[in-house]
Amino acid sequence: LWRWLPFIVGSGFLFNVLISFFAMVIGTLLGVVLGLMQISPIRFIRYPAFFITQTFRNSPWLVLLFIVLLALPFEITIFGIDIRIPDWMKAVFGLCLPIMANIAEIVRGAVQSVPSGQWEASEALAFSRQQTLWQIILPQCFKRMIPPWMNWYAILTMATPLCSLLGVEEIITLSRQAIEAENNRPELLVPFYGFALLIFFAYCYPIARATIALERRFSVKL
């Protein structure tokens, strides 16, 4: 394990972090848009947004990963130049879909948790709906959305080993390759996979503790 440690961590776990980071960024951006669409007064915007959210929110992550792997091409041609799409980018897109749906629910729930008196007061002050949303409602929602957002990032990071089933070279895939290079000795299974468990715990546990601290800080004092 000590001999393979730089390979497993440097080329493996850092890839898990990279996948989770990009999937969270893309999923958050799309989720904010989708969440705001769900509170739109226009039905033709609200209903499709609700359908998309519930579809990806209630779909198995592994199934979404396989669909994305099979649906996206291995390479695309732009202006005569062939651009290869690596498997890890497909994994990022596949994982950002359920994250997008759950972030959309966080945004929708946070906006709807603001007392209706805020909307009524801003309407009485002749604020437009857009002004009310961006200047009054969303600033109050920010602190409510941070703890669940951090929680979903921890969940996403722990879900990245699913990418090993698609052949993405992350920590589980490289651990399996290292064990095979050591003649598949069974006594190596517990140390290698135990180390993977330990490093995920070391990365995600501080996020979980920070989430709890923020929830306590932003909770409503009765």
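Residues numbered from 1 in each chain as written. Predicted model: local features only at pLDDT ≥ 70, side-chain atom pairs only at ≥ 80, totals over all residues. Heavy atoms only, no water.

(A) Broad picture of helix 6 (residues 129-159). Look at helix 6: only 38 Å from first C-alpha to last across 31 residues, short of the 45 Å you get at 1.5 Å a residue. Roughly 45° is the biggest bend found in helix 6, and it falls at Leu138, with proline Pro139 one to four residues downstream. (Helix = DSSP H or I, 4+ residues; strand = E, 2+ residues; numbered from the N terminus. Expected span 1.5 Å × (residues − 1). Bend = angle between axes of the 7 residues up to and from the residue.)

(B) Representation of the nonpolar core. Counting 55 residues, the largest nonpolar core has Leu95, Val111, Leu133, Ile137, Cys141, Leu156 and Ile171 as the members making the most contacts within it. Of all the secondary-structure elements, those providing two or more residues to this core are helix 1 (5-38), helix 3 (61-71), helix 4 (87-113), helix 6, helix 7 (171-181) and helix 8 (189-218). By residue number, the principal contributor to this core is helix 4, which donates 13 residues. (Core = buried A, V, L, I, M, F, W, Y, C linked by side-chain atoms within 4.5 Å. Buried < 20%, exposed > 50% of the residue type's maximum accessible area, 1.4 Å probe, protein only.)

(C) Looking closely at the pairing of strand 1 (residues 75-78). Across four bridges, the pairing between strand 1 and strand 2 (residues 81-84) is antiparallel. Across the sheet, Ile76 pairs through a bridge with Ile83, a residue of strand 2. (Pairing = 2+ DSSP bridges.)

(D) A look at the confidence of the model for the chain. Here the chain averages 84 in pLDDT, while 98% of its residues score no lower than 70. When the elements of the chain are averaged for pLDDT, strand 1 gives the smallest value, 72, and helix 2 (residues 43-57) the largest, 91. (pLDDT = per-residue confidence, 0-100.)

(E) Fine view of the packing of aromatic side chains. Across all of its chains, the model carries eight aromatic pairs by this definition. A centroid spacing of 5.9 Å and a plane angle of 80° characterise the contact between Phe15 and Trp88, whose relative ring orientation is edge-to-face. In this pair, Phe15 sits in helix 1 while Trp88 sits in helix 4, placing the two residues 73 residues apart along the sequence. For Trp88, a relative accessible area of 24% corresponds to the partly exposed category. For the ring pair Phe21 and Phe22, a centre distance of 5.5 Å and an interplane angle of 75° mean the geometry is edge-to-face. The exposure class of Phe21 is partly exposed, given its relative accessible area of 45%. Ring pairing ties together the aromatic residues Phe13, Tyr153, Phe200 and Tyr203, which thus form one cluster. (Phe/Tyr/Trp six-rings, centres within 6.5 Å; stacked < 30°, edge-to-face > 60°.)

(F) Main features of the pattern of salt bridges. Summed over all chains, the structure comprises three salt bridges. The partner of Glu182 in a salt bridge is Arg3, with the nearest N and O atoms 2.5 Å apart. Separated by 179 residues along the polypeptide, Glu182 in the loop between helix 7 and helix 8 and Arg3 in the segment before helix 1 bring together distant segments of the chain. Judged by relative accessible area, which is 61%, Arg3 ranks as exposed. In this structure, Arg57 engages Glu105 in a salt bridge whose closest nitrogen and oxygen atoms are separated by 4.0 Å. Remark: Glu105 occurs in helix 4 and Arg57 occurs in helix 2; sequence separation between them is 48 residues. (Salt bridge = Lys/Arg side-chain N within 4 Å of Asp/Glu carboxyl O.)

(G) How the structure looks around the environment of Ala49. Secondary-structure assignment places Ala49 in helix 2. Given a relative accessible area of 0%, Ala49 falls into the buried group. Once the C-alpha coordinates of Ala49 and Leu18 are considered, the two residues, 31 residues apart in sequence, prove to be 28 Å apart. Residues in contact with Ala49, not counting those within four places in the same chain, are Leu34, Met37 and Gln38. (Contact = heavy atoms within 4.5 Å.)

(H) Up close: the state of the cysteines. Taken as a whole and judged by the stated rule, the model has zero disulfides. Cysteine Cys204 is unpaired, with the sulfur of Cys163 as its nearest cysteine sulfur at 14 Å. Residue Cys204 is classed as buried on the basis of its relative accessible area, which comes to 5%. (Disulfide = S-S within 2.5 Å.)

(I) Spatial organisation of the packing of helix 2 against helix 4. Two numbers describe how helix 2 lies on helix 4: the axes approach to 8 Å, and their chain directions differ by 125°. Taken together, the axes of helix 2 and helix 4 are oblique relative to one another. The handedness of the crossing between helix 2 and helix 4 comes out as left-handed. Contacts between helix 2 and helix 4 involve Ile52, Thr53, Gln54, Phe56 and Arg57 from the first element and Leu97, Pro98, Met100, Ala101, Asn102, Ala104 and Glu105 from the second. In terms of residue class, the contact of helix 2 with helix 4 is made up of seven nonpolar, three polar and two charged. (Axes fitted to C-alpha atoms, helices over the stretch in contact; angles between N-to-C directions. Parallel < 35°, antiparallel > 145°, perpendicular 65-115°, else oblique. Left-handed = near helix turned anticlockwise from the far one by under 90°. Nonpolar A, V, L, I, M, F, W, Y, C, P; charged D, E, K, R; others polar.)

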